[in-house]
Amino acid sequence: MTAAYDPPATRGIEAPRAPRRKLGGRRSNMEMYSWLFMRLSGIVLVVLVLGHLLIMNVLDGGVHRINWGFVAGRWASSFWQVWDLLMLWLAELHGANGLRTVINDYARKDGTRFWLLMLLAASVLLTVGLGTLVIFTFDPTIS
């Protein structure tokens, strides 16, 4: 007896948990570096964010003292500019790396994956660029 025709709708996914095949022959360690970055940036972010929350919300009167003058005084110091810049950059890159992983896991079509990753890259560049610009060009004399 000959095998009956098996329409595509009744066939399952061949190997649902198998990793996608790379088209190029070159091997990259990007995923390992991405994994390592997530762990290290997470540790540094915990210190930066808890320090930020402690200083901004707990010490010296709490949130009631935060206003234009407080931010101007804080960003007059290079230490606080670098602190806030590190927090901005690490938080943005940490979150974007996590979202990149989600996009790679769930976007089925290569075209969809490409455009989602391009939108993610554009949003990261815009956010990091504008945030950096604000931190370094903040003018406390604007009225």
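A brief look at the structure comes next.

Definitions and cut-offs
- Residues numbered from 1 in each chain as written.
- Predicted model: local features only at pLDDT ≥ 70, side-chain atom pairs only at ≥ 80, totals over all residues.
- Heavy atoms only, no water.
- Helix = DSSP H or I, 4+ residues; strand = E, 2+ residues; numbered from the N terminus.
- Contact = heavy atoms within 4.5 Å.
- Areas by Shrake-Rupley, 256 points an atom, 1.4 Å probe, with all protein chains shown as cover.
- Salt bridge = Lys/Arg side-chain N within 4 Å of Asp/Glu carboxyl O.
- Buried < 20%, exposed > 50% of the residue type's maximum accessible area, 1.4 Å probe, protein only.
- Polar contact = N/O pair within 3.5 Å; in protein donor to acceptor, adjacent residues only side chain to side chain.
- Phe/Tyr/Trp six-rings, centres within 6.5 Å; stacked < 30°, edge-to-face > 60°.

1. Comments concerning the overall build of the protein
Point 1. Helix and strand content of the protein: four helices and zero strands.
Point 2. The N-to-C order of helical and strand elements in the protein reads α-α-α-α.
Point 3. The contacts in the protein between residues at least 6 apart in sequence include a share of 68% that link residues at least 24 apart.
Point 4. Carbon and sulfur atoms make up 68% of the accessible area of the protein, which amounts to about 11,200 Å² in all.

2. Quick look at the pattern of salt bridges
Point 1. Here the structure, examined in full by the defined rule, presents three salt bridges.
Point 2. One salt bridge connects R74 with D84, and the closest N-O pair in it is separated by 3.0 Å. You can see R74 sitting in helix α2 (residues 68-75) and its partner D84 sitting in helix α3 (residues 78-106), a full ten residues away along the chain.
Point 3. A relative accessible area of 6% places R74 in the buried class.

3. Comments concerning the environment of W83
Point 1. Note on placement: W83 falls in helix α3.
Point 2. Apart from the residues lying within four places of it in its own chain, the contact partners of W83 are V47, L48, G51, H52 and R74.
Point 3. A polar atom in the side chain of W83 sits 3.5 Å from the backbone oxygen of L48.

4. Points about the environment of D110
Point 1. By the secondary structure assignment, D110 is in helix α4 (residues 110-137).
Point 2. Of the polar contacts made by the side chain of D110, one reaches the side chain of R113; its length is 2.6 Å.

5. Quick word on the packing of aromatic side chains
Point 1. The full count for this structure, using the stated rule, is six aromatic pairs.
Point 2. Ring centres of F79 and W80 lie 4.9 Å apart, and the angle between their planes is 80°; this geometry places the pair in the edge-to-face category.
Point 3. Between the aromatic rings of W80 and W83, the centroid separation amounts to 5.5 Å while the plane-to-plane angle is 55°, which identifies the pairing as tilted. Within this pair, W80 and its partner W83 are both found in helix α3, separated by three residues, close to a single helical turn.
Point 4. Here the aromatic residues W68, W75 and F138 are joined through ring pairs into a cluster of three or more.

So far we have only geometry, and geometry alone does not tell us how the molecule works.
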